[in-house]
Amino acid sequence: VFNGTLGSEIDGTTPVVGISLEDGLFMRDEALVPILTWTDQKALSPNPTGGLIASSSSYGLAADLSLKPDIGAPGGSIYSTYPLEKGGYATLGGTSMASPHVAGGAALMLQAHPKTNSQAMRRILQNSADPAPWSLNPGIGYYDSVHRQGAGMLDIDDAILATTRVEPGKISLGESEYGPVIHTLTIENKSDTDVTYDLWEEWYAVATTGTFAVDLGYWPSDGYLIMPPSVTVPAYDKAYVNVTFVPPTGPGLSLYGGYILLEPQDGGQSYRVPYAGFDGDYQALSILNANPWGLPWIYNEAPSYTMVGDDIPDFWVNFGQQVRKFRMEVFDANKGKAWHRAYDFDYFGRNSSENNIYSFPWDGTTFSGNKVRTVPDGDYYVVISVLKPLGDDNNPAHWETWTSPVFSIARP
């Protein structure tokens, strides 16, 4: 549904309406366009994106290639409580709506099973979750990306009633450049009856390529699993299954994933384990040069700065990936002497798009430990260095650097 806006607070008089694409196309295609008559009639209509992952929902994986997000919950177009001075109720969307749904589900789980710890809670909720269809084409038969929905939609009644637990609740495959890997599933039967599960690979989750949304590509992964066709778990006992994950051969430097489905032969409740990985060399992804704008650069590049007011060098950087370390070091251009660091961060986040830019203005000071120095007038250049997310500090290949043009400091 398209929701219009006046760009300001609604004045209570000027009408603002929302309309679905389907209804809009129907009106446009009418041979005779009628005059619209507004009445007080109300009608209920389904949300066309209900049950799908919201367009605002972020993509994983985490910077260390661990599978994130873990699970989904209703978060779009949620009618809920709101500050009384603003009407008491409102329809909003986002994690502010999805997170309380998960918290409420966890509360119900604890009411039914009070001794459930936090790690078991996540695993149980993931085992019983229901993956959502691909939001860009729900009818084609693919699931949305595992690295966008995790285990799927929270299904709290199935979680509470579950008699089987599968560990781990998710599998992070990491880099797949070295070929197949093996993980072991521990299946625990907490009922008084033996259960035989058929094991299936639900591999048809959409994989993605690309660094930013503008170049995001989708493709069906051709990776596959090797595992036994079934497993019997005795009552009040455990069974173990080795699963071999064979990575896809499709476009390199991409994220892929799927689900292991455990389906009981007696027709009882099914369980899933999501998995996801990175196809290729993660360290090969560009960080400083992923944008098309030629960044980094000095935004207000000049041959000389007075260091008074805004007349200081301002370094603009766009991060194509998260970084383990970010450093900005200052060097004397004539002596090659390092004046220590102007910035030094651990675990710095990526930019959400190629058009978002971090600004690092430099005021002429550097630091080493707790000691701060003010560099004298002279000629300088700056070196920006980033260590890749899983990089080795001592491996030069895992660092990206950029060296600025030489500039002068000439204070009045």
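Please refer to the structure higher up on the page.
Residues numbered from 1 in each chain as written. Predicted model: local features only at pLDDT ≥ 70, side-chain atom pairs only at ≥ 80, totals over all residues. Heavy atoms only, no water.

**Q** Quick question: what am I supposed to make of the overall build of the protein here?
**A** Helix and strand counts for the protein stand at 5 helices and 26 strands. Taking the principal axes of its C-alpha atoms as reference, the protein extends roughly 80 × 65 × 45 Å. When burial is assessed residue by residue, the protein has 40% of its 412 residues classed as buried. Between the centroid of the 24 positive side chains of the protein and the centroid of its 46 negative side chains there is a distance of 10 Å. (Helix = DSSP H or I, 4+ residues; strand = E, 2+ residues; numbered from the N terminus. Buried < 20%, exposed > 50% of the residue type's maximum accessible area, 1.4 Å probe, protein only. Lys, Arg positive; Asp, Glu negative; His and termini not counted. Charge placed at Lys NZ, Arg CZ, Asp CG, Glu CD.)

**Q** What am I meant to see in empty space enclosed by the protein here?
**A** Sizing a probe to match a water molecule and rolling it over the atoms shows the empty space that remains. As enumerated under the stated definition, the model contains 1 cavity of 30 Å³ or more in all. Size it by volume and the largest cavity reaches roughly 50 Å³. Forming the boundary of the largest cavity are Trp-203, Ser-221, Gly-223, Tyr-224, Leu-225, Phe-245, Val-246, Tyr-256, Gly-257 and Tyr-275. At the level of elements, strand S11 (224–226), strand S13 (237–246) and strand S14 (254–264) are the ones that each hand at least two residues to the lining of the largest cavity. (1 Å grid on protein atoms, 1.4 Å probe; cavity = no way out; pocket = protein on both sides within 12 Å on 5 of 7 lines; lining within 4 Å. Points joined across faces, edges and corners; volume = space filled by probe spheres on them.)

**Q** Explain the pattern of salt bridges here, please?
**A** Pairing is possible between side chains that carry opposite charge, provided their charged atoms lie close to one another. Within this structure, the stated rule accounts for 14 salt bridges. As a salt-bridge pair, Lys-388 and Glu-400 come within 3.3 Å of each other at their nearest N and O atoms. Of this pair, Lys-388 sits in the loop between strand S24 (378–387) and strand S25 (399–403) while Glu-400 sits in strand S25, and the two are 12 residues apart along the sequence. On the accessibility criterion, Glu-400 (12% relative accessible area) is buried. One continuous salt-bridge network, built from bridges that share partners, spans Lys-68, Asp-70, Arg-122 and Lys-170. (Salt bridge = Lys/Arg side-chain N within 4 Å of Asp/Glu carboxyl O.)

**Q** Hey, could you run me through a nonpolar patch on the surface in this one?
**A** Among the surface-exposed residues, Val-17, Ile-19, Phe-26, Met-27, Leu-36 and Trp-38 lie close enough to one another that they form a single nonpolar patch of about 640 Å² accessible area. Within the fold, Trp-38 resides in the loop between helix H1 (21–29) and strand S3 (78–81). Using a relative accessible area of 66% as the deciding quantity, one classes Trp-38 as exposed. (Patch = residues over 30% accessible without salt bridge, like charges linked within 9 Å, V, L, I, M, F, W, Y side chains within 5 Å. Areas by Shrake-Rupley, 256 points an atom, 1.4 Å probe, with all protein chains shown as cover.)

**Q** How should I be thinking about the nonpolar core in this particular structure?
**A** Considering soluble globular proteins, one finds that nonpolar side chains tend to be buried as a cluster. Ranked by internal contacts, the top residues of the largest apolar core, which has 27 residues, are Phe-315, Phe-319, Phe-326, Met-328, Phe-360 and Trp-362. Among the elements of the structure, strand S18 (314–317), strand S19 (323–332), strand S20 (338–348), S24 and strand S26 (407–409) are those that each provide at least two residues to this core. Beyond its immediate sequence surroundings of up to four residues, Met-328 is in contact with Phe-315, His-340, Arg-341, Ala-342, Tyr-343, Phe-360, Trp-362, Val-382, Val-383 and Ile-384. In this structure, Ala-162, Ile-187, Leu-225 and Met-227 belong to the second largest nonpolar core, which totals 25 residues. (Core = buried A, V, L, I, M, F, W, Y, C linked by side-chain atoms within 4.5 Å. Contact = heavy atoms within 4.5 Å.)

**Q** Sorry, what's going on with the pairing of S14 here?
**A** Looking down a regular strand, the side chains alternate between one sheet face and the other. Most of S14 is tucked away: 10 of the 11 residues are buried. Bridge analysis of strand S8 (residues 195–202) against S14 gives 6 bridges, and the strand direction is antiparallel. Residue Trp-200 lies in a different strand from S14, and its bridge partner there is Leu-261. Bridge count for strand S9 (residues 206–209) against S14 is 2 bridges, and the pairing is antiparallel. Of the residues in S14, the one forming a bridge with Thr-209 is Ser-254. Pairing geometry for S14 and strand S15 (residues 271–279), over 9 bridges, is antiparallel. Across the sheet, Leu-261 pairs through a bridge with Arg-272, a residue of S15. (Pairing = 2+ DSSP bridges.)

**Q** Any chance you could explain the packing of aromatic side chains here in plain terms?
**A** What characterises a pair of aromatic rings is the spacing of the ring centres plus the angle enclosed by the ring planes. All chains considered together, the criterion is met by 26 aromatic pairs. Plain terms: the ring middles of Phe-345 and Phe-348 are 5.4 Å apart, the flat faces sit at 25° to each other, and that makes the pair stacked. Its relative accessible area of 15% is what places Phe-348 among the buried residues. Measuring from centroid to centroid gives 6.0 Å for Phe-348 and Phe-360, while their planes differ by 50°, and the two rings are tilted. One end of the pair, Phe-348, is in strand S20; the other, Phe-360, is in strand S21 (residues 358–361), and 12 residues separate them in sequence. Among the aromatic residues, those joined into a ring-pair cluster are Phe-319, Phe-326, Tyr-343, Phe-345, Phe-348, Tyr-358 and Phe-360. (Phe/Tyr/Trp six-rings, centres within 6.5 Å; stacked < 30°, edge-to-face > 60°.)

**Q** What is the right way to read the sheet that holds S11 from this model?
**A** The strands that make up a sheet pair up through hydrogen bonds in the backbone, lying either parallel or antiparallel. If you trace the 4 strands from one edge of the open sheet to the other, you get S5-S7-S13-S11, paired in antiparallel fashion. Sheet topology places strand S5 (164–167) and S11 at the edges, where each strand pairs with a single neighbour. When strand polarity is set aside, the average angle formed by the axes of neighbouring strands in this sheet is 30°. Sheet topology note: the S11/S13 ladder contains 3 bridges and is antiparallel. Counterpart to Tyr-224 in the pairing with S13 is Val-246. (Axes fitted to C-alpha atoms, helices over the stretch in contact; angles between N-to-C directions.)

**Q** Mind showing me how you'd approach the sheet that holds S21 here?
**A** Overall, antiparallel pairing links the 3 strands, which are arranged S16-S18-S21 in an open sheet. Lying at the two open borders of the sheet, with one neighbouring strand each, are strand S16 (297–298) and S21. Across 4 bridges, S18 lies against S21 in antiparallel orientation. Bridge pairing links Phe-315 to Phe-360 in S21.

**Q** I would appreciate a short explanation of unusual backbone geometry in the present structure.
**A** Where the residue is not glycine, phi is negative for most of them; where a peptide bond is considered, it is trans in most cases. The omega torsion across Glu-167 and Pro-168 is 0°, close enough to zero to call that bond cis. On the secondary structure map, Pro-168 appears in the loop between S5 and strand S6 (171–175). For the bond from Leu-295 to Pro-296, the omega torsion is 0°, close enough to zero to count as cis. Locating Pro-296 in the fold gives a position in the loop between S15 and S16. The backbone phi angle of Met-307 is positive, close to 65°, even though this residue is not glycine.

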